[in-house]
Amino acid sequence: MRFRILFLILAIGSLSFGQETCPELLKGAQTRLRQDIGTLAADELKGREPGTRGIMMAAEYILEEFKKLNLVPFMDDDYKQKFTIPVQVQFGKGNTLSVGGDEYQLYSDFYPTKYSANETVEGETVFVGYGIVAPEKDYDDYKKLSSKKLKDKVFVMDISAPDGIHPHSEYLKYHDLGERILLAKKKGAKAIVLINNEGSANDVSPKFTSIHSKGIPVIFISNKDLAKSIGKKKKVALSTQLTPKTVDAYNLIGFLNNKAQQTIVIGAHYDHLGMGTEGSLAATNEPQIHNGADDNASGVAGMLELARNIASGDSTWKAYNYVFAAFSGEEKGLLGSAYFTDNVPNISHMFKYMLNLDMVGRLEDNLLAVSGIGTSDAWELVSEKFSCGDLRIKGSSSGVGPSDHTNFYYKDIPALHFFTGTHMDYHKPTDDVDKINFEGEEMVIRYILGLIQASIPVKEFMFTPTVEESRTAPSFNVTLGVMPDYMYEGEGMRIDGVTQGRTADNAGLIAGDIVTQLGDVKVVDMMSYMKALGQYKKGDESTIEYTRDGEKMSAQVKF
Ligand SMILES: [Zn+2]
């Protein structure tokens, strides 16, 4: 037998021989997890939206658990760390529009945009096309409009562009509406009326949490008939009234002080989408309770269960001090963990590393995704020291991702995110307790405990910056209306779920199909899939190739 093969067997032999198994949890773990997730994802908590009674009930429950474990406040003399969250800007009764003497309705006919000042204006409209001036392309929407014709007028501007709105537009650098509005103001506009008659662009959203006023009123016409006529020299009177709104939110921070040299952070966000007014993927806009059992009652339960085991008195865990953090405002943009990490003095020297649990309740095929492996060389080393039954790890390097670990990474703290994968209930009212895999979650928590145990002998976790896949992600304007399987390890993009009535569904694709080509772009992974989507804009048609149970198939798709 050739030496190399012999060497390999020996190496494997010795590795498996040296490996620990991950620690058992205290008896009754799954019962406690059911209690935690059942409580946090209950209907009466109404989806734990920041600023609501429901999230305060969740906070009370978590703090009760902290106190049972004798955790103490971390920094101030309060577990609760208060911060404010900007929520949807409110449109008051002062938003009015009349055209040619006819009154129009807020929302159904028009609404102010995030670019708008609060003002009342009367004037005549003038249509300025897209409001774009592209000298290098010898293109100027104002060419035929003298400054006299423009002065003190209400400019009507189409939000599209000469060749449509898509990533390959030759006018891409002129697409920004804020820039176009500032140019129009310079040209004499006293108000702007935005319309979307061409349709390659998405309508301007009436939902925004921060105002970027350009100093004049800027409204969008949602009434398609009015949008067609308002640019034809109409007398308009309009007024805008936008009121920013913030709500108070609370990070919940408990500290287990073992008077140890090093401290680690174990975190999970406890907020969710409430009734789904913002961020929901539900098919209807109807307000519905988004229970968030997996996102992220499962993570909070995991953090609490880790605290219970670590605070159990077992000397193993006395090697560290522990910060147990329940963050709020994660769904609004990682706001709670940003506030926490911005307000811990000298933070990069305070914490050895951070572990983030966000969606750990839907383990499938024993496959757990762990991202952030590249944030310290120590992670690889540590994770080889133990195994956890049949649990398989899908590691990824980047420290940047769609959850709270990112803010610790930005503070040069090695950080991992544990994730059991997306599913068709993600950000929908159907993300309920009865779909949680409690046995799987117990295994995930044991794995994390094993990681903590194996990390103790490693004196220092050197921080290493990672290559941010997210920065290079291609942009795209259209999708197939599918939920990709982020855990799929084969070639292509495996479909985890199909949204009814959307492009893929209309073409007959189903969950389990593996997309291998879109148009002339070969799809080998998520990146190439997003790149392929980037070729298209609304209304485009193309060919999609995919395999179903190994059989090659193709279909026509219309975006
Ligand atoms: Zn989440």
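Enquirer: Hey, could you go over empty space enclosed by the protein for me, with residue numbers and the actual values?
Expert: Applying the stated criterion to the full structure yields 1 cavity of 30 Å³ or more. Of the volumes computed, that of the largest cavity is approximately 50 Å³. Phe74, Met75, Asp76, Asp78, Tyr79, Gln81, Ile253 and Phe340 together form the lining of the largest cavity. Looking at side-chain class alone, the lining of the largest cavity contains 5 nonpolar, 1 polar and 2 charged residues.

Enquirer: Any chance you could break down the layout of surface pockets for me, citing the residues and the numbers?
Expert: Computed from the structure, the second largest pocket encloses a volume of approximately 280 Å³. If you go around the second largest pocket, you meet 14 residues; those closest to its centre are Ser348, His349, Phe351, Glu460 and Phe461. Broken down by element, the residue count for the lining of the second largest pocket peaks at 3 residues, all from helix H9 (residues 347-350). For the lining of the second largest pocket, the class distribution of residues is 6 nonpolar, 5 polar and 3 charged.

Enquirer: Lay out the state of the cysteines in plain terms, naming residues and giving numbers.
Expert: With the rule as written, the count across this model stands at 1 disulfide. Through a disulfide, Cys22 is tied to Cys388; the S-S separation comes to 2.0 Å. For the disulfide bridge between Cys22 and Cys388, the dihedral angle about the S-S bond is near 105°, and by the sign convention the bridge is right-handed. With Cys22 in the loop between strand E1 (20-21) and helix H2 (29-40) and Cys388 in the loop between strand E19 (386-387) and strand E20 (392-396), this residue pair connects regions lying 366 residues apart in the sequence. By relative accessible area, which is 3% here, Cys22 ends up buried. Of the residues examined, Cys388 reaches a relative accessible area of 3% and is grouped as buried.

Enquirer: For the domain arrangement of the protein chain, give the residues involved together with the corresponding values.
Expert: Under the domain assignment used here, the protein chain contains domain 1 (40-88 + 247-469), domain 2 (94-240) and domain 3 (476-558). Taken together, the contacts link 5 residues of domain 1 with 4 residues of domain 2. The largest contributions to the domain 1 side of the interface with domain 2 come from Pro86, Gln88 and Thr277, which together make up 74% of the buried area. The interface formed by domain 1 and domain 2 holds 0 salt bridges in total. Counting across the interface, domain 1 meets domain 2 through 1 residue pair in polar contact (both at pLDDT 80 or more). Residues of the side of domain 1 that touches domain 2, tallied by class, amount to 2 nonpolar, 2 polar and 1 charged.

Rules of the game
- Residues numbered from 1 in each chain as written.
- Predicted model: local features only at pLDDT ≥ 70, side-chain atom pairs only at ≥ 80, totals over all residues.
- Heavy atoms only, no water.
- 1 Å grid on protein atoms, 1.4 Å probe; cavity = no way out; pocket = protein on both sides within 12 Å on 5 of 7 lines; lining within 4 Å.
- Points joined across faces, edges and corners; volume = space filled by probe spheres on them.
- Nonpolar A, V, L, I, M, F, W, Y, C, P; charged D, E, K, R; others polar.
- Helix = DSSP H or I, 4+ residues; strand = E, 2+ residues; numbered from the N terminus.
- Disulfide = S-S within 2.5 Å.
- Buried < 20%, exposed > 50% of the residue type's maximum accessible area, 1.4 Å probe, protein only.
- Domains from an automatic or database assignment.
- Contact = heavy atoms within 4.5 Å.
- Buried area = accessible area lost by both parts, 1.4 Å probe.
- Salt bridge = Lys/Arg side-chain N within 4 Å of Asp/Glu carboxyl O.
- Polar contact = N/O pair within 3.5 Å; in protein donor to acceptor, adjacent residues only side chain to side chain.

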